[in-house]
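Okay, here's what each chain looks like letter by letter:
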Amino acid sequence: MGRNNKKPIMKSLIIAFVLVCCVSCSFQTEVHCRDQKENKVFTGIEALEIKQKGMDVKLSPSLSDTLSVAIRIDDMTLRGIDTENMESPFRFMVEKGKLRIEPTYGGKVKESQGLITVLVPRSVEMVEVETREGNIEANGIRAKVMDLVSREGSVKNEDCEGWEQMHISSHH
């Protein structure tokens, strides 16, 4: 008799848990970042890695020893973000001469549109760019290793050279 009472209670608990999960998911806030710009300048960079979702990336040679990054966010939708403590939509991490640029909120980026423009100096030996939906355009970049990948967008490579390794992949 005690066993029969546990099944309805467990079933009710499971249904209550599912309802709480569904309600909490439906009330997740969405934040829209529009018409934002960020500009950063770096020296001493030997490797560049850009990973992001839907923004286009444009790489051009720098005329100086300075690597400069200009980000134009046309529209970025983030879900489940506390707007009071919101940071920049992009994170710039430098470690041992390598600059990594990626969305601050990773999996919370629902969609993004805009342009990341990077002026790459000759001192950069490795360039890796990976975007899920954006397009990549590289003009005149020379590096030891070059890896340009767009999973759903296009990759344009004009006069670029990876003297040890060159990998370009586009599924557009």
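Residues numbered from 1 in each chain as written. Predicted model: local features only at pLDDT ≥ 70, side-chain atom pairs only at ≥ 80, totals over all residues. Heavy atoms only, no water.

Notes on the overall build of the protein
Part 1 of the reasoning: A tally of regular secondary structure across the protein gives one helix and 12 strands.
Part 2 of the reasoning: Put simply, the protein runs from its N terminus to its C terminus through helices and strands in the order α-β-β-β-β-β-β-β-β-β-β-β-β.
Part 3 of the reasoning: Per-residue burial for the protein yields a buried fraction of 37% across its 172 residues.
Part 4 of the reasoning: The contacts of the protein with a sequence gap of at least 6 include a subset with a gap of at least 24, amounting to 61%.
Part 5 of the reasoning: Here the protein displays about 10600 Å² of accessible surface, and carbon together with sulfur accounts for 50% of that area. (Helix = DSSP H or I, 4+ residues; strand = E, 2+ residues; numbered from the N terminus. Buried < 20%, exposed > 50% of the residue type's maximum accessible area, 1.4 Å probe, protein only. Contact = heavy atoms within 4.5 Å. Areas by Shrake-Rupley, 256 points an atom, 1.4 Å probe, with all protein chains shown as cover.)

A word on the environment of Arg-91
Part 1 of the reasoning: Here Arg-91 lies in strand β5 (residues 90–95).
Part 2 of the reasoning: With relative accessibility at 31%, the residue Arg-91 sits in the partly exposed group.
Part 3 of the reasoning: Measuring from C-alpha to C-alpha, the distance between Arg-91 and Pro-103 comes to 5.9 Å, with 12 residues separating the pair along the chain.
Part 4 of the reasoning: Look past the residues within four positions of Arg-91 in its chain and what remains in contact with it is Arg-100, Ile-101, Glu-102, Pro-103 and Thr-104.

So, the nonpolar core
Part 1 of the reasoning: Counting residues in each nonpolar core, the largest one holds 36 residues, and the members touching the most others are Leu-48, Leu-59, Val-69 and Val-127.
Part 2 of the reasoning: If one sorts the elements of this core by residue count, strand β4 (residues 67–79) sits on top with six residues.
Part 3 of the reasoning: What Leu-48 contacts, discounting residues up to four positions off in sequence, is Leu-59, Leu-99, Ile-101, Val-118, Val-120, Val-124, Met-126, Val-127 and Glu-128. (Core = buried A, V, L, I, M, F, W, Y, C linked by side-chain atoms within 4.5 Å.)

Considerations on the pairing of strand β9 (residues 136–139)
Side-chain positions along a regular strand alternate between the two faces of the sheet.
Part 1 of the reasoning: Note: strand β3 (residues 56–61) against β9, three bridges, orientation parallel. From the neighbouring strand, Leu-59 faces β9, where its bridge partner is Ala-138. (Pairing = 2+ DSSP bridges.)

Considerations on unusual backbone geometry
Part 1 of the reasoning: Of note in this structure, Lys-96 is not a glycine but carries a positive phi near 50°.
Part 2 of the reasoning: Tracing the backbone through its elements, the reader meets Lys-96 in the loop between β5 and β6 (98–103).
Part 3 of the reasoning: Residue Asp-159 is not a glycine yet carries a positive backbone phi of 60°.
Part 4 of the reasoning: Among the structural elements, Asp-159 can be located in the loop between β11 (155–158) and β12 (161–170).
Part 5 of the reasoning: Judged by its relative accessible area of 57%, Asp-159 is exposed.

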